[in-house]
Amino acid sequence: MPHDAIRRIVRLALPALVGALAACGSSQRDFPGFTKDQVWKAMVETAEDPRYPDWVVVSNEVFRDDANATVEIRRDLRRDLVIVGQKPRREQCEWKFTATVESTEPPTLVFRTDTMSIPAHWWLQEQQFINEVERRLAGVALPPPRTGGSIERPPVPADAPRA
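Keep in mind it's a predicted model, so treat the numbers as computed, not measured. (Residues numbered from 1 in each chain as written. Predicted model: local features only at pLDDT ≥ 70, side-chain atom pairs only at ≥ 80, totals over all residues. Heavy atoms only, no water.)

**Some remarks on the nonpolar core**
Nonpolar side chains tend toward joint burial in soluble globular proteins. Counted only if it meets this: Throughout, nonpolar core names a set of buried Ala, Val, Leu, Ile, Met, Phe, Trp, Tyr and Cys residues whose side chains join them through atoms within 4.5 Å. Each residue is placed in one exposure class: buried if its accessible area under a 1.4 Å probe, protein chains only, is under 20% of its type's maximum, exposed if it is over 50%, and partly exposed if it falls in between. Numbering of helices and strands runs from the N terminus, with a helix taken as a DSSP run of H or I at least four residues long and a strand as a DSSP run of E at least two residues long. Every residue pair with non-hydrogen atoms within 4.5 Å of one another is taken to be in contact.
Counting 25 residues, the largest nonpolar core has Met-43, Val-71, Leu-109, Phe-111, Phe-129 and Val-133 as the members making the most contacts within it. Secondary-structure elements contributing two or more residues to this core are helix H2 (36–48), strand S3 (70–81), strand S4 (89–102), strand S5 (108–117) and helix H3 (119–138). The element that contributes the greatest number of residues to this core is H2, accounting for 6 residues. Setting aside residues no more than four positions away along its own chain, Phe-129 makes contact with Met-43, Thr-46, Ala-47, Ile-73, Ala-99, Leu-109 and Phe-111.

Okay, here's the thing in structure tokens:
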């Protein structure tokens, strides 16, 4: 195959591959045994007071539309990822998503984003949100909030042994 033909194939295929990897997302979950108002309350609490076990919420803007049972969320997250044998790495991300409770029997929570992202990253955000709604509905204890503030390592005491 001539070199120009390979280059042409790569040039045509690369945008399609990037488009497939950087997708928007939408998912839904039914909540049998709960009313729409109960799901709405848990959804609003989850939007306004997110509880991530592994991320710090730097900012969290929530826009409520009570008439349509919809919340729009813009959230900035960060964390320091520490992997043995590697330097710590700061990760930051911004998410914009919408959650709606539909008046169905059982009520259905629809979670979606128009933010282009790697599907696996989207799935983690979607699972975090929906699982937190489920925990609130079930009355399960949530992790303490991790908002604002520094996520830097605490200072090492002067008398601590050095490596």
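Having seen the model, we can carry on.
**Some points on H2**
Basically, it comes down to this: Helix span, expected: 1.5 Å multiplied by one less than the number of residues in the helix.
For H2, with 13 residues, the first-to-last C-alpha span of 18 Å sits near the 18 Å given by 1.5 Å per residue. Burial in H2 covers these residues: Val-39, Trp-40, Ala-42, Met-43, Val-44, Thr-46 and Ala-47. Looking at the packing, one finds that the buried side of H2 touches strand S2 (56–65), S3, S4, S5 and H3.

**Quick word on the pairing of S3**
The condition is simple: The criterion for strand pairing is that DSSP finds at least two bridges linking the strands in question.
Relative to S3, S2 runs antiparallel, the two being bridged by 9 bridges. Of the residues in S3, the one forming a bridge with Val-57 is Leu-77. Counted between consecutive antiparallel strands, the loop separating S2 from S3 contains 4 residues, among which Ala-69 sits at a positive phi close to 50 degrees. Sheet topology places S3 next to S4; 12 bridges connect them, and they run antiparallel. Residue pairing for S4: Ile-73 is matched across the bridge by Phe-97.

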